[in-house]
Amino acid sequence: MIHNEERKAEYYKALVEKKSDYEGIFYVGVTSTGVFCRPTCPARKPKYENCEFYETAQQALLASFRPCQRCRPLSHPNQVSDMIRVLVEAIEQNPEKRWKGQDFRALSIDESTARRQFKKRFGMTFVEYARARRMGLALKSIRSGEKIIRTQLASGYDSSSGFRDAFSRIMGAPPTRFDDSRILKAAWLDTRLGPMIAIADDNELYLLEFVDRRGLEREVERLRKRLKAAIIPGQTLPIQSIERELTDYFEGTLTEFKTPLHLVGSDFQQRVWEQLRQIPPGETRSYADIAVALGKPTAYRAAAQANGANQLAIVIPCHRVINSDGELGGYGGGIARKEWLLSHEKSGK
Ligand SMILES: [Zn+2]
């Protein structure tokens, strides 16, 4: 979401004036209706205070907005492909569905054509689109910090609730009664590199990831299955602590993350993550360096895998590990963020 007030004012003006030269520059999420639009949408314009501006359609989807039926922000202006319309509508009818080959065949749509068309026009594949919409719905209550789950926990669950479906598909069904299952709390943190999700109990932080990270859904699933936990929206001390520390980190005033962490992984993964924490800010290591430091010089591939399995972005600095040839290598949160983090840390030295 765009927070800069001047930028927001500029975009709002463009929205009211339906300026076509802002097409593709921003999307507007309307909090009063839950839809997102392109700048030139013919519908009545929302009030300024109900507008949230996004740079990409994917960001608007992850923030739980659905595409507007009138301006169809997921189609090129004046060029609505039937296939795209069919697929977007299918998702709205069943946003929780995970798409498989047979689902495309049932609609007589070629999966690879769908992938190409979506990618070309919206910068994401259809499956990524479906995932962003699904995650957006699941994250909705986390983003708004809604108390709804707590109310439902107290009053017993309506099993037909669509909310429960969208949310529990990813976050685990909260217990219908207070029993001995573990509860973790999840919160939405806006950072200058985009929104993050933090998951913690009362004592430790378990997960910190960018909301648009590829594989986040599986990561959350793995976490809650391993811990036999359900995740509900809320705040805990570690979440408040990491939020403060991230603010300081982005301002360049943080010396060390002190929020207590809970690392969920194999022994080897845990050892790799401990190594990562030894890399000082402003420096980098290669995957081979990490393997050597662990006394297993041939295990650099395993080290790279463990690096990628890190669930505590920024705090466990997997972004400080690069290829031996000096290339940046991969990053779950996207290569642009890795680059930004490294140059931010370098300039703070
Ligand atoms: Zn619209």
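Residues numbered from 1 in each chain as written. Predicted model: local features only at pLDDT ≥ 70, side-chain atom pairs only at ≥ 80, totals over all residues. Heavy atoms only, no water.

Under an unreviewed UniProt entry, the name given to the chain is methylated-DNA--[protein]-cysteine S-methyltransferase, and the organism recorded is Paenibacillus taihuensis.

S.K.: Summarise the UniProt feature "binding site: Zn(2+)" (unreviewed entry) in the chain; cite the residues concerned and give the values.
M.R.: When the UniProt feature table is mapped to this numbering, "binding site: Zn(2+)" (unreviewed entry) covers Cys37, Cys41, Cys68 and Cys71. Annotated residues spanning 35 residues; largest pairwise C-alpha distance 8.6 Å, indicating a single compact cluster. In this fold, Cys37 is placed in strand β2 (residues 35-37). On the basis of relative accessibility, which here comes to 8%, the residue Cys37 falls in the buried class. In this structure, Cys37 is in contact with Tyr27, Val28, Cys68, Cys71 and Pro73, ignoring residues within four places of it in sequence. Along the polypeptide, Cys41 turns up in the loop between β2 and β3 (51-54). We classify Cys41 as buried; its relative accessible area is 2%. (UniProt positions renumbered as here; feature names shortened; annotations may be inferred. Helix = DSSP H or I, 4+ residues; strand = E, 2+ residues; numbered from the N terminus. Buried < 20%, exposed > 50% of the residue type's maximum accessible area, 1.4 Å probe, protein only. Contact = heavy atoms within 4.5 Å.)

S.K.: Please set out helix α13 (residues 300-308) residue by residue, giving values where relevant.
M.R.: Taken together, the buried positions of α13 are Ala303, Ala306 and Asn307. Take α13 and look down its axis: the buried residues cluster within an arc of 105°, on one side only. Residues Arg301 and Gln305 are exposed on α13 and point more than 90 degrees away from its buried face. Each element contacted by the buried residues of α13 is listed here: α11 (267-277), α12 (287-293) and β10 (321-322). (Arc of directions from axis to C-beta.)

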